[in-house]
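Structural description and commentary
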Amino acid sequence: MSPDPRAKFRALTRVFDPIYRPYLDADDGPGSSYVPEAHEHYRAELEAALDLNDNAKLLLAGQPGCGKTTLLLSIAHRLRREGRLVAFVDLEAQTAVQDLGSLEMYLAAKAELVAEVKQAGISLSEKTAEMLRSALERLLGSPVAPDLDALGAALRRLLSTVRESKLLRDELRRQIKESGFEPIDMLASLLDDLEEHRPVVLLDGLDKLPPVQARDAFLGDEKKPMVEAPGAAILTIPISLIYEPTFNVLSERYNNAGSAVLPAVRLWDLNPHTNTRRRSEQGVSIMRRIVEARVEPIDARIVMPEAVERAIVGSGGNIRELARLLQSSVVKAHVRRGTFIEEQDVAAAIADQRESFRRAYDPRFLPVLEKVRREFRLEGQGDVTKQLLYGLWVIEYRNGIAWYSLPDPVEQLLRQMENWAG
Amino acid sequence: MTPEARIEELSARISLAQGSPSLLVVVAESDATLDEARRLLVGILQRAPMRVEDLGACDVDMGPARWVELTHERAADAYVLSAAPWGPFSGGAFAGLLNAEREFLRRLAGPVLLVVSRETERILRQKAPDFFTWAARTYELPAPAELVAIARKLGALPERAPGVPSEEPPIRFLHLSDLHLRPQRVKRYDQDRVLRGLVDFLEQDRDRFPLDLIFVTGDLAHSGKPEEFELVVDLFRRILEVTGVEPTHFFVVPGNHDVDRDVGRWLRRTLDKDEEAIAFFEDEHARRFHAQKLEAYRAVLAPLLGEDRALGLGVGANAVEVVTVRGVRIAVASFNSAFFAQGDDDHGKLWLGEPNVDRAGDRISDEGAQAAIALMHHPFEELHELERDIIEQRFERLFDLVLRGHMHQPKSRGIASQRGGFVELAAPSAYQGSPWPNGCLLGELRPRSGKVRITPYTYTSGADPWVLDTKVFPDDARDGYTHTFSVPEKKRTPSVLRRHLAQATEEAVEAAPEAVQRQVAKVLGIEAPSSRMSKEVAKKVARAAAAKVDDPALLANVVDERRMSTALSKTAADELEAGGPTRIPRSDPQFLEKALGRVAEFIHRKVRGKVAKDAFREGMLSPLIAAALSHVVDGIVFVPSLHDPALRPYILIGNANEEPAVRSVIDVQLLRRAGDVAPRKLDEVERHLQTGEVAHGALVVVHTGEGNEEPRIEHEKTPAGRDILVLHLFW
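Residues numbered from 1 in each chain as written. Chains lettered and ligands numbered in written order. Predicted model: local features only at pLDDT ≥ 70, side-chain atom pairs only at ≥ 80, totals over all residues.

1. Here we look at the overall build of chain B
- Broken down by element type, chain B carries 23 helices and 24 strands.
- Within chain B, the fraction of its 731 residues that count as buried is 49%.
- A separation threshold of at least 6 residues defines the contact pool for chain B, and within that pool the share at least 24 residues apart is 76%. (Helix = DSSP H or I, 4+ residues; strand = E, 2+ residues; numbered from the N terminus. Buried ≥ 20, exposed ≤ 12 C-beta atoms within 10 Å, placed from the backbone. Contact = placed C-beta atoms within 7 Å.)

The structure is reproduced here in structure tokens:
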């Protein structure tokens, strides 16, 4: 042990914060603490679809903290190594997501593509470059040079203008509408032009659309996002969309709509015949590796193995939840002036988590939770279902079919409530 | 975890998270105390060796993107901000913003503590679930009182700028009036829609923060019939359910539509003289028939709200109820202005009764209530002209708030007068049919800072039909169409002192030369005959003067020193003897200090400020203190100067043949100005101590200059080096 466990505790607090992203520490790719096995099966499906179909349009949904963005980053990394042109569009950073129109979404995609083209040392056809240039000139009202640098800069300028001001956004949308020009057309010709590089557009952040707007965008009468563009694309969508009654119509437009949900790491195997679950050693070891990847650079021995096991069970397989529990355990260890993170710290953190569930408890949850516990099924009950999934009261797993289970703190809460009632 | 352990853990967590972005949600009890909670929390966290920056209250259009900027503008180890989106609508918008901008949290300069109320937390969990899972942890703050205790223990009570009133949690009340409920065939749907909307509105409002008190100022029913009161009880029961207010905190008075006019037809229509009013309001027997007009009203409300409740049926002390809300004692006087209500020609025929208001006032003063609220149905203008002005003036002395109804018009005014003053609030009709305005008032009373904030609501058609009424306070757009009134400070004189002063005044006026009597009559607005004043007229003037005993000018100019001293001595006797602790035995070596302590307490609480500084003279000091001492110490107390005016007005405890150890000498001194340290008159004390016959000496200094401090006792030495006690009293 180094003389200052506090410095290590501090480092642990940082890497286990729910808003910490391993890739922020890495120069390229998803970062050293990404554990590919976490989503191996799911990832294999996505990658197969992209390999086989250059025009695949895929959706990606999942409970908060299950690793959607991390997965996309890792896929982008692999595709680039294969020589494909990948535009990773972080809509959140580039647009005003709470009022996202298709115009800005496609502008952001174009900006990212142009930047990628520049970096890959590819050139655009003269026709496409001229089309982009004249369109931007018209929209910005100032001259734009025909080279890639200038086009990229102009796109970024346009984006930031419409991000800042609702007024300008509406004005631009009006202009586009009046010109009879479809926002996706420009992106489509750009992607056409790049066809030989097998372009893939990863739109991350659509899951941050407010639920109502997400419903309008995907299930309304308008054109579905990205469907009419050539090339491959993956779009993250809010999990609430999956539970809309008309969601299955999307399977005509998106190749994987039937299995769009990225499940939690499966801590349990469900035997559908006996309707019983058994701890999955494989799932536990994936979670263990996730912890190790973050702890090892700091001090491999500082977190006791029993503590890790306890935290894994407590997390129910949700990666962000696992991080949160471990962070709280570090604080507990610090308060009791310990030098290691021990099982008792994790148990205390889980108890806190249980209390926080207790405060958010709503009597309507009870029948649904009990059904999950008994039958591992979550019946669509509108608001309640969404709240339970979003609040991580219920964890969604998949082997073949989707099934559900309760994380440890919720189990504890239910048991306590039964004891009082009994 | 105990509250302190939670705070300790929170502090430990931020100290670990220093410099790395992290979000912690801190949940406080309610939006009403949010700012205070945030300030206390900042104060507590700053006790640890950390720099904690208070980012203040965050606007609802200010999300994580702005937080990033704010945290990068100031270097600190942790940042605290609070957010109180107002109502479900902006709560939803705020949640949307947080959810959308959550990616920005990764760019924070350090850990941010977001302080929200429990209600906001609920909205965020529901409407910003993703944002919520990004929080490292949710901490529940201890209750406000506990938080203050923790802060005090750590020496972290934030300093307040002088003169700025401290943040005081408000006492929230609902004021309803004029419901006019009746079984309706045609308009039933309309009545249901308006009132169900009201109940829904109150249910939603409870989520913001719960109501403490509910007032309904009359006209619950339409013609005082039992079947109408059934509807009233149903509605009140629903209101009690959704607001969670206890029945004892729900106050009702009757209006002219609550009396059964069939019963009233045979009864006296009004009173014609003061004497009749005294008889009517002093004697329960005299009121028994008029009380029957309200039998249907009583029969349903008493079982719902409590059999021993005032409900506007009690008179005098029985009209007053005292409730405690978060440690604040609030007196509510429920007056029945409808004793003589009978039809449309009530104007000028109604009586509230001076004795009724006076006895109620005595009870309020003696209860030591920090706020007093009067309820009545009618406006002052409807009262009989003989009592109208007097009642209003009495109210100015007694009440902070006067709530009424009757006119179906919201009307509010603040009155400040030489007597004090009140804020009068007339609620609109809560139901008079949807084509006409229907409304209610929500108030927040802060007794310590003397403020009451009124938010008017009105019924509109629509999904959430009860909305803020912008027409009542159109000039207060900036404050969200709510208005804050100042409540003038009150000096409520305890009944014992007032009784004795009134007697002294009456005697003094009666015994005064005719010129003085005429002067007093003029001041009181009593017409005196130009010829010689008869005994009867003099008596009347004296009685009127006695009733005005709270008027400092009258006391100072009319009542002589001797009568005033007598009144004060009698007050000391009554107050100190009434169930007080047993007398201090003089065998106790500290008996003098203990006795002076009790005397100081009595004067400070029961006399000070009630007798104006100008009316108080040095000659009254020894008799007052001697009288008080004589009820506190076991043994004889006397003032030699009362028999020999040539002597200084010192006080002796114990007589000459007793042991020196049980004898004391006390001199008194009046200081008119602060810092006026005239040579202390210790000669008498010194002389007595020197003789060796008296072992204890003290000096009582009464300061009538500026300063409003608590009394204190100091140990000092005389010029000759003897130990004496000095009691400082501030008038």
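2. A few points about the overall build of chain A
- A count of helical and extended segments in chain A gives 19 helices and nine strands.
- Looking at the 422 residues of chain A, the share that counts as buried comes to 48%.
- By sequence separation, contacts in chain A at least 24 residues apart represent 72% of the contacts at least 6 residues apart.

3. Things to note about the pairing of strand 15 (residues 439–446) of chain B
Residues and elements named next belong to chain B.
- Within strand 15, eight of the eight residues are buried, which leaves the element mostly enclosed by the surrounding structure.
- Neither face of strand 15 is open: one carries Gly439, Leu441, Gly443 and Leu445, the other Cys440, Leu442, Glu444 and Arg446, and all of them are buried.
- As judged from the five bridges shared by strand 6 (residues 171–176) and strand 15, these two strands associate in the antiparallel manner. From the neighbouring strand, isoleucine 171 faces strand 15, where its bridge partner is leucine 445.
- As judged from the eight bridges shared by strand 15 and strand 16 (residues 451–459), these two strands associate in the antiparallel manner. Bridge pairing in strand 16 places glutamate 444 opposite arginine 453.
- Between strand 15 and strand 16, which pair antiparallel in sequence order, lie four residues; one of them, glycine 450, sits at a positive phi of approximately 65°. (Pairing = 2+ DSSP bridges.)

4. Some words on the packing of helix 15 (residues 319–335) of chain A against helix 16 (residues 343–360) of chain A
All names here are of chain A.
- For the pair helix 15 and helix 16, interaxial distance at closest approach is 8 Å and the crossing angle is 120°. Classified by the angle their axes make, helix 15 and helix 16 are oblique. In this structure, helix 15 meets helix 16 at a crossing whose hand is right-handed. Here Leu325, Ser328, Ser329, Lys332 and Ala333 of helix 15 lie close against helix 16, whose contacting residues are Asp345, Val346, Ala348, Ala349, Ile350, Asp352 and Gln353.
- Within the contact of helix 15 with helix 16, the residues separate by chemical class into six nonpolar, three polar and three charged. (Axes fitted to C-alpha atoms, helices over the stretch in contact; angles between N-to-C directions. Parallel < 35°, antiparallel > 145°, perpendicular 65-115°, else oblique. Left-handed = near helix turned anticlockwise from the far one by under 90°. Nonpolar A, V, L, I, M, F, W, Y, C, P; charged D, E, K, R; others polar.)

5. Observations regarding the interface of chain B and chain A
- If you look at the interface, chain B gives 27 residues, while chain A gives 30 residues.
- Every element with two or more residues in the side of chain B that touches chain A is listed here: helix 1 (3–17), strand 1 (22–28), helix 4 (87–100), helix 5 (118–127), helix 6 (129–133) and strand 5 (137–140) of chain B.
- Looking at the side of chain B that touches chain A element by element, the count peaks at six residues for helix 1 of chain B.
- Partitioning the side of chain B that touches chain A into residue classes produces 12 nonpolar, seven polar and eight charged.

6. Some details on helix 18 (residues 383–390) of chain A
- All of the buried residues in helix 18 of chain A are Gln387, Leu388, Leu389 and Tyr390 of chain A.
- Note on helix 18 of chain A: the residue one or two positions beyond its end, leucine 392 of chain A, has a positive phi of about 60°.

7. Observations regarding the nonpolar core
- Grouped together as the largest cluster of nonpolar side chains are 186 residues, with contacts concentrated most on Leu202 and Leu203 of chain A together with Val26 and Val115 of chain B.
- Broken down by element, the residue count for this core peaks at 10 residues, all from helix 6 (residues 102–120) of chain A.
- With sequence-adjacent residues up to four places away left out, leucine 203 of chain A is seen in contact with Val89, Leu91, Met105, Ala109, Met226, Ala233, Leu235 and Thr236 of chain A.
- Counting 93 residues, the second largest nonpolar core, distinct from the first, contains Leu294, Val315, Val332 and Tyr457 of chain B. (Core = buried A, V, L, I, M, F, W, Y, C linked by C-beta atoms within 7 Å.)

8. Points about the confidence of the model for chain B
- Overall, the predicted model of chain B reaches an average pLDDT of 83, with 93% of residues at or above 70.
- Ignoring residues within four places in sequence, the model shows residues 160–166 of chain B, a span with pLDDT below 50, making two contacts including any to other chains. (pLDDT = per-residue confidence, 0-100.)

9. Things to note about the sheet that holds strand 24 (residues 723–730) of chain B
Residues and elements named next belong to chain B.
- Taken together, the six strands give an open sheet; going across it, the order is 19-20-21-22-24-23, and neighbouring strands pair in mixed fashion. In the strand order of this sheet, the two ends are held by strand 19 (637–638) and strand 23 (712–717), each with one partner.
- Two strands pair when backbone bridges link them, and strand 20 (residues 651–653) and strand 21 (residues 664–671) are joined in this way by three bridges, in the antiparallel orientation. In the strand pairing of strand 21, isoleucine 651 is matched with isoleucine 666.
- On top of the sheet, helix 21 (residues 591–607) reaches strand 21, strand 22 (696–703), strand 23 and strand 24; it is set at about 10° to strand 24, its chief contact.
- Helix 22 (residues 621–630) rests against strand 19, strand 20, strand 21 and strand 22 of the sheet, and its axis sits at about 15° to strand 20.

10. Considering the environment of tyrosine 254 of chain A
Residue and element names in this part refer to chain A.
- Tracing the backbone shows tyrosine 254 in the loop between helix 12 (239–242) and strand 5 (261–262).
- Given 22 C-beta atoms within 10 Å, tyrosine 254 falls into the buried group.
- When the C-alpha positions of tyrosine 254 and alanine 56 are compared, they lie 7.5 Å apart, and in sequence the two are 198 residues distant.
- Look past the residues within four positions of tyrosine 254 in its chain and what remains in contact with it is Lys57, Leu58 and Leu59.

11. Overview of the sheet that holds strand 10 (residues 328–334) of chain B
Residues and elements named next belong to chain B.
- Taken in spatial order, the six strands of this open sheet run 9-10-11-12-14-13, and their pairing is mixed. The open sheet has two edge strands with one neighbour each: strand 9 (320–325) and strand 13 (411–414). When strand polarity is set aside, the average angle formed by the axes of neighbouring strands in this sheet is 15°.
- Where strand 12 (residues 401–404) and strand 14 (residues 423–426) come together, four bridges link them in parallel fashion.

12. Describing the environment of threonine 718 of chain B
Residues and elements named next belong to chain B.
- Take threonine 718: it is sitting in the loop between strand 23 and strand 24.
- Given 17 C-beta atoms within 10 Å, threonine 718 falls into the partly exposed group.
- When the C-alpha positions of threonine 718 and glycine 697 are compared, they lie 9.5 Å apart, and in sequence the two are 21 residues distant.
- If sequence neighbours within four positions are ignored, threonine 718 has contacts with Leu682, Val685, Glu686 and Ile724.

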